[in-house]
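# Breakdown of the fold
Letter by letter, the chains look like this.
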Amino acid sequence: MSGRGEWATPERMAEQAATGEGVFGAYEAFEKGTDEKTIGAHGIVDDAYALVYARNLVDLLRRQGASMAGPILDVGCGIGTVTNAIRTACGSGTDCQGIDLSASAIRVARRRYADCAFRAGSADDLGTFADGAFSLIHAREFYPFTRSADAGLHARFLAEFATKLMPGGSVAAVQIIGRAGLADSLAALAKQVPGLGFESAARRVMVPNRAYRRLGRTVYGAAFYEIVSAASATFESFRPGRASYVYLFSKAAV
Ligand SMILES: C[S@@+](CC[C@H](N)C(=O)[O-])C[C@H]1O[C@@H](n2cnc3c(N)ncnc32)[C@H](O)[C@@H]1O
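The structure presented is a predicted model; accordingly, all values stated were derived computationally and were not measured.

### Section: the layout of surface pockets
- By volume, the largest pocket is sized at about 890 Å³.
- Tyr49, Arg140, Ile176, Arg242 and Ser244 are, among the 34 residues lining the largest pocket, the residues nearest its centre.
- Mapped onto the lining of the largest pocket, the elements with two or more residues apiece are α1 (10–19), α2 (22–32), α3 (47–63), α6 (143–146), β5 (165–176), α9 (209–215) and α10 (222–238).
- A total of four residues in the lining of the largest pocket trace back to one element, the largest contributor, which is α10.

### Notes on the site of the ligand
- Neighbouring the ligand are 19 residues, the closest being Tyr27, His42, Gly76, Asp100 and Arg140.
- Within the backbone of Ile44, one N or O atom sits 2.8 Å away from an oxygen atom of the ligand.
- Between the ligand and the protein, one listed contact pairs a nitrogen atom with a backbone N or O atom of Ala123 at 2.9 Å.
- Contact with the protein chains removes 97% of the 600 Å² of surface that the ligand exposes when unbound.
- Using a 2 Å cut-off from the grid points, one finds that the ligand occupies the largest cavity.
- Among the secondary structure elements, those contributing two or more residues to the shell around the ligand are α2 and α6.
- Here the residues of the shell around the ligand sort into 10 nonpolar, six polar and three charged.

### Digging into the nonpolar core
- Core analysis: the biggest nonpolar cluster contains 68 residues, and Phe161 and Phe249 have the highest contact counts within it.
- Looking at this core element by element, the count peaks at eight residues for α3.
- Leave out the neighbours within four places in its chain, and Phe249 touches Leu158, Gly169, Ser170, Val171, Leu182, Leu186, Leu189, Val193, Phe198, Ser200 and Ala201.
- In terms of nonpolar packing, the next biggest core, distinct from the first, is built from 11 residues, Val23, Tyr27, Phe30 and Ile79 among them.

### Notes on the environment of Ala14
- Residue position: Ala14 is located in helix α1.
- For Ala14, a relative accessible area of 37% corresponds to the partly exposed category.
- Along the chain, Ala14 and Ser122 lie 108 residues apart, while their C-alpha atoms are 8.2 Å from each other.

### Section: empty space enclosed by the protein
- Scanning the model with the defined rule gives two cavities of 30 Å³ or more in all.
- If you add up the space inside the largest cavity, you get close to 440 Å³.
- Every residue lining the largest cavity is counted, 32 residues in all, and those nearest its centre are Tyr27, Gly76, Cys77, Gly78 and Asp100.
- For the lining of the largest cavity, the elements supplying multiple residues, two or more each, are α1, α2, α4 (81–90), β2 (96–100), β4 (134–140) and α6.

### Section: the packing of aromatic side chains
- Taken as a whole, this structure holds 10 aromatic pairs when the rule is applied.
- Summarising the aromatic geometry, the rings of Phe145 and Phe161 are spaced 6.2 Å apart at their centres and angled 75 degrees between planes, so their arrangement reads as edge-to-face. Taken together, the residues Phe145 in helix α6 and Phe161 in helix α7 (residues 151–164) connect sequence positions 16 residues apart.
- The class of Phe145 is buried, set by a relative accessible area of 0%.
- Here the aromatic cluster, defined as three or more aromatic residues joined through ring pairs, consists of Phe142, Phe145, Phe157 and Phe161.
- Sitting above the plane of the Tyr53 ring, Arg140 keeps its charged end 5.4 Å from the centroid.

Scoring rules and cut-offs
Residues numbered from 1 in each chain as written. Predicted model: local features only at pLDDT ≥ 70, side-chain atom pairs only at ≥ 80, totals over all residues. Heavy atoms only, no water. 1 Å grid on protein atoms, 1.4 Å probe; cavity = no way out; pocket = protein on both sides within 12 Å on 5 of 7 lines; lining within 4 Å. Points joined across faces, edges and corners; volume = space filled by probe spheres on them. Helix = DSSP H or I, 4+ residues; strand = E, 2+ residues; numbered from the N terminus. Near = heavy atom within 4 Å. Polar contact = N/O pair within 3.5 Å; in protein donor to acceptor, adjacent residues only side chain to side chain. Areas by Shrake-Rupley, 256 points an atom, 1.4 Å probe, with all protein chains shown as cover. Sits in = over half its atoms within 2 Å of the grid points. Nonpolar A, V, L, I, M, F, W, Y, C, P; charged D, E, K, R; others polar. Core = buried A, V, L, I, M, F, W, Y, C linked by side-chain atoms within 4.5 Å. Buried < 20%, exposed > 50% of the residue type's maximum accessible area, 1.4 Å probe, protein only. Contact = heavy atoms within 4.5 Å. Phe/Tyr/Trp six-rings, centres within 6.5 Å; stacked < 30°, edge-to-face > 60°. Lys NZ or Arg CZ within 6 Å of the ring centre and 35° of its normal.

Now the structure itself:
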């Protein structure tokens, strides 16, 4: 286990949830109405911004051939703002669900987004969902993937996710490169993908939301996207942590 990532294990996160540490305290304060600002440091709270993010994501994933038909599960969904935006971006008939360790965040999510279903629990145990239930499992800035360099921890979550995906389904984990995270483990995970239940593993640049907001889906046209991808890689080399990446783990179609 990497020392850097020990707090991101489900066991340590559950302890933090029980004592209201870190993000969990922020969710509780938001729910009680005593502090509505601090959760902004931990996730997306603004619906308009979430919708730009979700449309950007959906266009990138469609470009990569991922199925957006649903059902879709958002792991580490927090108060559900992104979960709900993904539903809107995919079409409001899409079945979008969320799971988070914070019971407080889930209560807020249920109150704010009645069209999505939310559950409290750890995403390394998705036993309450049927095997093969989802076409896509999405994770944005999901701590076990962003704050740990431990390939074993990443593999543990991915293997669980694979069992809940239908054939041809994908995991899309969105995060910056910077601290510990999937960037550290991708090479090791790519070698193990058949054992984890996947056919392939890849990383793709997500066009910055500011550019997507101005230009829309044209940013994923071949020429533009190649330029943005190359520019992001260059930028990343001298200003690490500025670009967002999608880590895509895909199951075989049959
Ligand atoms: C940085 S926040 C991101 C929230 C949301 N995805 C967003 O981008 O707005 C990370 C979230 O992961 C959740 N989390 C961490 N470990 C988890 C686990 N094992 N199972 C479910 N949720 C978890 C935390 O409770 C927190 O809500």
